[in-house]
Amino acid sequence: MANMSAVEANGEFVLTRGQGATVWDAQGREYVDATAGLWFATVGHGRTEIGDAVAAQLSRIAHYSNFGDHAVDTAVALAERLAAIAPVPNSKIFFTSGGSDSIDSAAKLARRYWHELGRPDKTLIVGRERAYHGMHVGGTALSGIPGNFEGYGTLMQDARTIAWDSGKALLELIETEGAERIAAFFCEPIIGAGGIHLPPDGYLDEVRRICREHDILFVVDEVITGFGRIGSDTGQGHWFASSRFDLDPDMMTTAKGLTSGYVPMGALFVAPRVAEPFFAPGGSTWWRHGFTYAGHAGAAAAAMATLDIVEREDLLSAATALQDELHRRIAPLAELDRVVEVRSGLGALAAIQLEDVPTALAMAGTLRGHGVATRAVGAGGIQVSPPLVITADELDRLEEGLRAALTA
């Protein structure tokens, strides 16, 4: 994810430590972490209790295969804990090594599910323009960001992309391709890396209903929104956008906030409907898919410690407060000449839209000079998605840095 010639010419931005929502570079300069690493540092940097939990686990047993009937107790405990907060009761948990793994696992499981139901022609997977679903083969094929799939050829014949904001576009694809061909529709509740685009009113309900009516699996990509970042409209917060918006997903992909980035890990939530063919009593169906480090015991320990912090410090409610605070502080930046619009007010994330990609890339560099570490997203947006533990002082520095850089 870099123009390496530019990196070679301009040098690297090397970070050496972090605490809360602040990070320091190799020269000792400090920055407000406006991106939570890469959406993931929900509980902030420098949480020694997570490191201690991982160290204790690695000293006891670091990992073991989870193929066949093998399992490590910490991973089993985590799976049970995640199932208890799943948007769909009695969901199964399939561990992965990260978000891209979760997406490709969902794509394969969707196809295999229909095969087991005697409908092997349902192989088509559908994504949206502006969407980002990781960089494995399935996720790249689903990508709605042109630069992410250019130059790779056709990675999957059975993948389609439709307009990001139109239920009618999904209906038109169903009419063209036939519902008997479509396995699953992949949907980010809030488009993240594609520019932080909030869903139009009623859109999520509409596409969920369309999928139900046409027997298409509805896969919600919560790699970014999951584990607290989505906030709520009531103050209490939600673990997932699927819970906040009653999406009832057939599958839900997660990663990032699961361990707050301390150790790589992801999890695919599988609703009972989709899991049933693989758990049928007396059945002989194998789910021939997995990863060496899926359900890694050290990662599971990090996840358990992360979830402890989220619950103890009530970070679900904090995300709702941050959702409102970011909107209050950042929305007024839309008045500045170079700002096209600000997208905020839903979840603890926002985007400041500039004129084009070169302007946004230059602005990300300018912001470092004003003590803000962030990046360009989508077609000229600046990402704002700090750790949920960001303090009032850090928010002040973030707001002041953004305004100063944009004004300059």
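The rules behind each value
Residues numbered from 1 in each chain as written. Predicted model: local features only at pLDDT ≥ 70, side-chain atom pairs only at ≥ 80, totals over all residues. Heavy atoms only, no water. Salt bridge = Lys/Arg side-chain N within 4 Å of Asp/Glu carboxyl O. Helix = DSSP H or I, 4+ residues; strand = E, 2+ residues; numbered from the N terminus. Buried < 20%, exposed > 50% of the residue type's maximum accessible area, 1.4 Å probe, protein only. 1 Å grid on protein atoms, 1.4 Å probe; cavity = no way out; pocket = protein on both sides within 12 Å on 5 of 7 lines; lining within 4 Å. Points joined across faces, edges and corners; volume = space filled by probe spheres on them. Nonpolar A, V, L, I, M, F, W, Y, C, P; charged D, E, K, R; others polar. Pairing = 2+ DSSP bridges. Axes fitted to C-alpha atoms, helices over the stretch in contact; angles between N-to-C directions. Contact = heavy atoms within 4.5 Å. Parallel < 35°, antiparallel > 145°, perpendicular 65-115°, else oblique. Left-handed = near helix turned anticlockwise from the far one by under 90°. Expected span 1.5 Å × (residues − 1). Arc of directions from axis to C-beta. Phe/Tyr/Trp six-rings, centres within 6.5 Å; stacked < 30°, edge-to-face > 60°. Lys NZ or Arg CZ within 6 Å of the ring centre and 35° of its normal.

Undergrad: Tell me what's going on with the pattern of salt bridges, and back it up with residues and numbers.
TA: Taken as a whole, this structure holds 26 salt bridges when the rule is applied. One salt bridge in this structure joins Asp248 and Arg212, with 2.6 Å as the shortest N-O distance. With Asp248 in the loop between α10 (241-244) and β9 (251-254) and Arg212 in helix α9 (residues 203-213), this pair connects stretches of sequence that are 36 residues apart. Residue Asp248 is classed as partly exposed on the basis of its relative accessible area of 37%. Assessed through its relative accessible area of 39%, Arg212 is described here as partly exposed. Overlapping salt bridges bring together Arg119, Arg208, Arg212, Asp215, Asp248, Asp250 and Arg273 as one network.

Undergrad: I'd love a proper account of empty space enclosed by the protein, names of residues and values included.
TA: Summed over all chains, the structure comprises 1 cavity of 30 Å³ or more. In this structure, the largest cavity spans a volume of roughly 40 Å³. Around the largest cavity sit Pro87, Val88, Ser91, Pro249, Asp250, Met251, Met252, Phe269, Val270 and Ala271, which together line it. Of all the secondary-structure elements, those providing two or more residues to the lining of the largest cavity are β9 and β10 (266-270). Here the lining of the largest cavity is built from residues that sort into 8 nonpolar, 1 polar and 1 charged.

Undergrad: Go over the layout of surface pockets, please, and point to the residues and values.
TA: If you add up the space inside the second largest pocket, you get close to 1,000 Å³. Asn66, Gly68, Ile93, Phe94 and Trp287 are the residues nearest the centre of the second largest pocket, which is lined by 35 residues in total. Of all the elements in the fold, those that place two or more residues in the lining of the second largest pocket are α4 (73-85), β4 (92-96), β10 and α11 (272-279). Take the lining of the second largest pocket: its biggest share by element is 5 residues, from α4.

Undergrad: How would you summarise the sheet that holds β10 if you had to cite specific residues and measurements?
TA: The mixed open sheet is built from 7 strands, whose spatial order is β4-β10-β9-β8-β7-β5-β6. Looking at strand neighbours, the two that pair on one side only are β4 and β6 (159-162), the edges of this open sheet. The average undirected angle you get between the axes of adjacent strands in this sheet is 20°. Examined bridge by bridge, strand β5 (residues 124-128) and strand β7 (residues 182-187) share 3 bridges and lie parallel to one another. By the bridge assignment for β7, Val126 is matched with Phe185. Relative to β4, α4 is tilted by about 125°, and along the sheet it contacts β4 and β10.

Undergrad: Let's hear about the side chain of Thr123: which residues, and what values?
TA: The topology assignment puts Thr123 in the loop between α5 (99-116) and β5. Ignoring anything within four residues of it in the chain, the contact list for Thr123 reads Arg111, Asp158, Arg181 and Ala183.

Undergrad: Tell me about the packing of α5 against α11, and name the residues and values.
TA: Interhelical geometry of α5 versus α11 gives an angle of 60° and a closest axis separation of 10 Å. Considered as vectors, α5 and α11 are oriented oblique to each other. Of the two elements, α5 crosses α11, and the hand of that crossing is left-handed. The segment α5 lies against α11, with Leu109, Arg112, Tyr113, Trp114 and Glu116 engaging Arg273, Val274, Pro277 and Phe278. Here the residues of the contact of α5 with α11 sort into 6 nonpolar, no polar and 3 charged.

Undergrad: Could you give an account of helix α15 (residues 392-407), with specific residues and numbers?
TA: Taking 1.5 Å as the rise per residue, α15 with 16 residues should run 22 Å; its terminal C-alpha atoms sit 22 Å apart, in good agreement. Within α15, burial applies to Glu394, Leu395, Leu398, Gly401, Leu402, Ala405 and Leu406. Down the axis of α15, the smallest arc covering the buried residues is 130°, so these residues share one side. Residues of α15 that are exposed and point more than 90 degrees away from the buried face comprise Ala392, Glu400 and Thr407.

Undergrad: Describe in detail unusual backbone geometry, supporting the description with residues and values.
TA: A positive phi angle is found at Asn90, which is not glycine, with a value near 65°. Locating Asn90 in the fold gives a position in the loop between α4 and β4. Residue classification places Asn90 among the exposed positions, given a relative accessible area of 64%.

Undergrad: Just give me the short version of the packing of aromatic side chains, but keep the residues and values in it.
TA: Within the structure shown, the criterion is met by 7 aromatic pairs. Seen in terms of ring centroids, Phe13 and Tyr31 are 5.1 Å apart; in terms of plane orientation they differ by 90°. Their pairing is edge-to-face. Here Phe13 is found in the loop between α1 (4-10) and β1 (15-19), whereas its partner Tyr31 is found in strand β3 (residues 30-33), with 18 residues between them in sequence. When its relative accessible area of 3% is taken as the criterion, Tyr31 is described as buried. Judged by centre distance (4.9 Å) and plane angle (70°), the rings of Tyr113 and Trp114 are edge-to-face. As far as burial versus exposure is concerned, Tyr113 and Trp114 are alike and both buried. Ring pairing ties together the aromatic residues Phe94, Phe278 and Trp287, which thus form one cluster. For the cation-ring pair, Lys122 lies above Trp114, with the distance from its terminal atom to the ring centre recorded as 4.5 Å.

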